[in-house]
Protein chains: 2
Amino acid sequence: MTTPDDLLPVGLEDALPDRARTITTAMRAVLDAMDGHGYDRVRPPLVEFERSLAGRMDGVATRRMVRFTDPDSLRTLALRSDMTVQVGRIAATGMAAAPRPLRLCYAGDVAFLSADQLDPARQRLQLGAELIGADSVVAATEIVSVAIDALKAAGVATISVDFTLPDLVDTLAEDAMPLDAEQREAVRRELDTKDAGGLREAGGEAYLPLLYATGAFDEAIAKLAALDVGGVLASRIEGLRAVAEAIGARARVTLDPTERHGFEYQSWFGFTLYGEGARGALGRGGTYTIKGSDEAATGFSLYMDPLLDALAPMKTEEAQKLFLPLGHDRDAAARLRAIGWRTVAAVSNGDDAGALGCSHVLDGKEPKAL
Amino acid sequence: MTTPDDLLPVGLEDALPDRARTITTAMRAVLDAMDGHGYDRVRPPLVEFERSLAGRMDGVATRRMVRFTDPDSLRTLALRSDMTVQVGRIAATGMAAAPRPLRLCYAGDVAFLSADQLDPARQRLQLGAELIGADSVVAATEIVSVAIDALKAAGVATISVDFTLPDLVDTLAEDAMPLDAEQREAVRRELDTKDAGGLREAGGEAYLPLLYATGAFDEAIAKLAALDVGGVLASRIEGLRAVAEAIGARARVTLDPTERHGFEYQSWFGFTLYGEGARGALGRGGTYTIKGSDEAATGFSLYMDPLLDALAPMKTEEAQKLFLPLGHDRDAAARLRAIGWRTVAAVSNGDDAGALGCSHVLDGKEPKAL
């Protein structure tokens, strides 16, 4: 009876029971880890004024948002494509008077009108935490720690964190390795593609060594320090070292100081989270400034789909399912549910306990193995 | 720094920390109760083809849906306004081969383009369970029981369930109290408004006693049985009695046999859930047929906002918040988090433990009351 209407649009899908169970379990673990670090969950709405979603952060493109006219205000509404901007709005409005630093976390679906080249999904489950009122080394250390704790709580066994310095070129180009505005853009572009030849042609020969200050943190940061002749990066380098030291052995730390993709709105510090078994990044974070309120902040976002790839498959819980025959003892069933059994009650004599995934049947007041 | 862009559109709002915490706690309790009864959660997408959302159930109006053109297929997409239809689609497609009865549950946001007269909200958090493949008295009993268990688990102390017979007029008009098609519609309308005079004018004098077969279940069902001269309602009356008996003392049961509002797509059985302290209904359910696959089903939906009204205010958890000074012992903090403390780490010397809601401060390796 499947008709073309039953198919889902490209980039949208159902999570059926096994996957939905894994998502719920991982999401609760992540939220509980953030809660343990004092982050209070907020729940912004799915839809806002387009200008509100676009106005709180650079790099939020309205082009990919689902937009429509509000029949009430006749203004343009949009489906959220990033919850970070909503948390920034809450910090600047409803929680403007709350003491700083303000710790907020969130989990919810975001949606896009169209897929992008790298990711066909038009809906994602985004989870994250924002520390509002601080973008210091201590703030960065806390946010990276919370992100690692959240991933570990969800079940990601082996975590890597890749540090970057999003405003690196701007910092160097100011004085130490001068570039005019046009060169600056070209040098950034060539660093993004890690093209040594292009970098030379763009007048960025001095920036060449940056391409090699990448990899395992200790060696890469030493290379970066060696080429920081003017000392303009000294505080950043010291900051990265402090964050890496605090992480210790909980995650592998690497450095890619010129990485900009996904850090368009970050200031001095950015990081990408990876997990063994997942092809793409599990999440990203860093320091930034909330537009409009001009408040410093540090935060991270995780995305559920790559996170699931990094989890070991959950063991099925079928073993604990208890079949309740017609006319069963309801009090006994309630008591067994209270101690952790899942029950499946017969609705007719034809119900097949085995086909319904049950391992036990209620026999009088006690479970009996099938 | 608040601008008009920072305000939310009418009918949409943020849940700030206290409310968000209550929502998360109640939602987990409801989902865990449904899980205990063998209902597997599924997570359908926010957006589907409009025809898919409209085609699985009568009474789902596309007029109030947020609709837009899919740039990929050039077909009309819509933001879901009811998750029940999505579960019906999953049962008929992705889980068509799963053994019956199929138990599925869900929780997620639904949205509307415009508010309706009774409810200004344009977004709701809907939770529910569907028993697919059965619409018998046993199925109805199970669904009402699961709904009551879910509400009790969330913390609703005093629950009322109001039964109705959605196809009552159709059943009686067939033979026992004959009406032609036009009269039938008029009689339904007058029963909806409980207008005795209008009912007489519409030629529905025989239906007048139905208006009085309402209230506490035992008396009302006796009145209904007394006027069922032809015996066409006998199986329905017996069914309602069986469901009410199974509920026992867990909820107060009432009967309003002609209530139709919210039951446009239900077949023989419908029910509305109420809780002390909430003005409106907490949820609704009943038996129905999934359009397209023509499969019998029984289910219920809860809505979070009225549910929250029926909950006692949660006690704040501030008492357990532990301030971590700069340079604190990270291992001690991790150990305390693991046993249930929420921690709030200083990010500067200026951080005020009291203002940040902390009751204790980490002193060496142990919490000390502030």
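Residues numbered from 1 in each chain as written. Chains lettered and ligands numbered in written order. Predicted model: local features only at pLDDT ≥ 70, side-chain atom pairs only at ≥ 80, totals over all residues. Heavy atoms only, no water.

A short note on empty space enclosed by the protein
On inspection of all chains with the given rule, the structure shows 5 cavities of 30 Å³ or more. When its volume is computed, the largest cavity comes out at roughly 110 Å³. In terms of lining residues, the largest cavity is bounded by A:Thr24, A:Met27, A:Arg28, A:Leu31, A:Arg41, A:Arg43, B:Thr24, B:Met27, B:Arg28, B:Leu31, B:Arg41 and B:Arg43. Looking at the lining of the largest cavity, the elements with two or more residues in it are helix H1 (17-36) of chain A together with helix H1 (17-36) of chain B. Residue classes in the lining of the largest cavity are distributed as 4 nonpolar, 2 polar and 6 charged. (1 Å grid on protein atoms, 1.4 Å probe; cavity = no way out; pocket = protein on both sides within 12 Å on 5 of 7 lines; lining within 4 Å. Points joined across faces, edges and corners; volume = space filled by probe spheres on them. Helix = DSSP H or I, 4+ residues; strand = E, 2+ residues; numbered from the N terminus. Nonpolar A, V, L, I, M, F, W, Y, C, P; charged D, E, K, R; others polar.)

Observations concerning the sheet that holds strand S8 (residues 215-216) of chain A
The mixed open sheet is built from 9 strands, whose spatial order is S1-S5-S6-S12-S11-S10-S7-S9-S8 (chain A). In this open sheet, the two strands that pair with only one neighbour each are strand S1 (40-41) and S8 of chain A. (Pairing = 2+ DSSP bridges.)

Regarding the pattern of salt bridges
One pass over the full model with this rule turns up 53 salt bridges over all chains. The salt bridge involving B:Arg342 is made with A:Asp35; its shortest N-O contact spans 3.2 Å. Within this pair, whereas B:Arg342 is found in strand S14 (residues 342-345), its partner A:Asp35 is found in helix H1, the two belonging to separate chains. The exposure class assigned to B:Arg342 is buried, which follows from its relative accessible area of 5%. B:Asp170 serves as the salt-bridge partner of B:Arg184, at 3.4 Å between the closest nitrogen and oxygen. (Salt bridge = Lys/Arg side-chain N within 4 Å of Asp/Glu carboxyl O. Buried < 20%, exposed > 50% of the residue type's maximum accessible area, 1.4 Å probe, protein only.)

Structural notes on the relation of the copies chain B and chain A
To go from the first copy of the chain to the second, apply a rotation about an axis and then a shift along the same axis. The two copies are related by a screw operation: chain B maps onto chain A through 180° of rotation and 0.0 Å of translation along the axis, at an RMSD of 0.0 Å. Look at the turn and shift together and you get a two-fold axis relating the two. Among all residues of chain B, the minimum C-alpha distance to the rotation axis is found for B:Phe68, at 3.7 Å. Both copies present the same face, since 100% of the interface residues in chain B are matched by interface residues at the equivalent positions in chain A. (Least-squares fit on C-alpha atoms with pLDDT ≥ 70 in both. Contact = heavy atoms within 4.5 Å.)

Regarding the layout of surface pockets
Residue and element names in this part refer to chain B. Each pocket or cavity is described by its volume, and for the second largest pocket that value is around 1600 Å³. Lining the second largest pocket are 48 residues, with Asp116, Arg124, His261, Arg284 and Tyr303 sitting closest to its centre. Taken together, the elements giving at least two residues each to the lining of the second largest pocket come down to strand S6 (123-132), strand S10 (266-275), strand S11 (283-290), strand S12 (295-303) and helix H10 (304-309). In the lining of the second largest pocket, the residues fall into 18 nonpolar, 15 polar and 15 charged.

Some words on helix H4 (residues 137-154) of chain B
A rise of 1.5 Å per residue sets the reference length of H4(B), with its 18 residues, at 26 Å; its end C-alpha atoms lie 26 Å apart and thus fit the reference within 8%. Of the residues flanking the end of H4(B), it is B:Gly155, one or two places downstream, whose phi is positive at about 115°. (Expected span 1.5 Å × (residues − 1).)

Notes on the nonpolar core
By size, the foremost hydrophobic cluster in this structure holds 77 residues, and its most contacted members are A:Phe163, A:Tyr207 and A:Phe271. No other element matches the 10 residues that helix H4 (residues 137-154) of chain A contributes to this core. Once residues lying within four places of it in the same chain are set aside, the contact partners of A:Tyr207 are A:Val169, A:Leu172, A:Ala173, A:Met177, A:Leu179, A:Val187, A:Leu191 and A:Leu199. Judged by nonpolar contacts, the second largest core, of 76 residues, contains B:Leu131, B:Leu172, B:Val187 and B:Tyr207. (Core = buried A, V, L, I, M, F, W, Y, C linked by side-chain atoms within 4.5 Å.)

What about the UniProt feature "binding site: L-histidine" (unreviewed entry) in chain A?
Residues and elements named next belong to chain A. Cross-referencing UniProt, the feature "binding site: L-histidine" (unreviewed entry) maps to Asp82, Met83, Thr84, Gln126 and Glu130 in the present numbering. A stretch of 49 residues holds the annotated residues, and the largest C-alpha distance among them is 13.0 Å, short enough that they meet in one place. Along the chain, Asp82 falls in the loop between strand S4 (76-79) and helix H3 (84-92). Assessed through its relative accessible area of 13%, Asp82 is described here as buried. Side-chain polar atoms of Asp82 contact the backbone nitrogen of Thr84, separated by 2.8 Å. Tracing the backbone through its elements, the reader meets Gln126 in strand S6 (residues 123-132). For Gln126, a relative accessible area of 0% translates into the label buried. Each residue touching Gln126, except ones within four places of it in the same chain, is listed here: Asp82, Met83, Thr84, Tyr106, Ala107, Gly108, Val110, Ser301, Leu302 and Tyr303. (UniProt positions renumbered as here; feature names shortened; annotations may be inferred. Polar contact = N/O pair within 3.5 Å; in protein donor to acceptor, adjacent residues only side chain to side chain.)

Some points on the packing of H4(A) against helix H9 (residues 234-247) of chain A
Residues and elements named next belong to chain A. The N-to-C vectors of H4 and H9 enclose an angle of 35°; their axes lie 9 Å apart at closest approach. Handedness of the crossing formed by H4 with H9: right-handed. Contact with H4, carried on its side by Val137, Ala140, Thr141, Val144 and Ile148, involves Gly239, Ala242, Val243, Ala246 and Ile247 of H9 and no other residues of that element. In terms of residue class, the contact of H4 with H9 is made up of 8 nonpolar, 2 polar and no charged. (Axes fitted to C-alpha atoms, helices over the stretch in contact; angles between N-to-C directions. Left-handed = near helix turned anticlockwise from the far one by under 90°.)

Some thoughts on the side chain of A:Arg43
Within the secondary structure, A:Arg43 is located in the loop between S1 and strand S2 (47-49). The buried charged residue A:Arg43 lacks any salt bridge, with B:Asp109 as its nearest oppositely charged partner at 5.1 Å. A distance of 3.4 Å separates polar atoms of two side chains, one belonging to A:Arg43 and the other to B:Thr24. Setting aside residues up to four positions removed in sequence, A:Arg43 forms contacts with B:Glu13, B:Asp14, B:Ala15, B:Ala20, B:Ile23, B:Thr24, B:Met27 and B:Leu125. (Lys, Arg positive; Asp, Glu negative; His and termini not counted.)

Examining the pairing of strand S7 (residues 159-164) of chain A
Residue and element names in this part refer to chain A. Counting buried positions along S7 yields 6 of 6 residues, so the element is predominantly enclosed. Neither face of S7 is left uncovered, since the one carrying Ile159, Val161 and Phe163 and the one carrying Ser160, Asp162 and Thr164 both have all their residues buried. Direction of pairing for S7 relative to strand S10 (residues 266-275): antiparallel, over a ladder of 6 bridges. From the neighbouring strand, Asp162 faces S10, where its bridge partner is Thr272. Direction of pairing for S7 relative to strand S9 (residues 252-255): parallel, over a ladder of 4 bridges. Its bridge partner lying in S9, Asp162 is registered against Thr254.

Section: the packing of aromatic side chains
Counting across every chain of the model gives 10 aromatic pairs over all chains. Relative to A:Phe271, the ring of A:Phe269 lies with its centre 5.6 Å away and its plane at 25°, an arrangement referred to as stacked. Measuring from centroid to centroid gives 5.3 Å for B:Phe163 and B:Phe269, while their planes differ by 75°, and the two rings are edge-to-face. In this pair, B:Phe163 sits in strand S7 (residues 159-164) while B:Phe269 sits in strand S10, placing the two residues 106 residues apart along the sequence. Accessibility classification places B:Phe163 together with B:Phe269 in one group, the buried group. Between B:Arg64 and the ring centre of B:Phe112, over which it is positioned, the NZ or CZ distance is 4.4 Å. (Phe/Tyr/Trp six-rings, centres within 6.5 Å; stacked < 30°, edge-to-face > 60°. Lys NZ or Arg CZ within 6 Å of the ring centre and 35° of its normal.)

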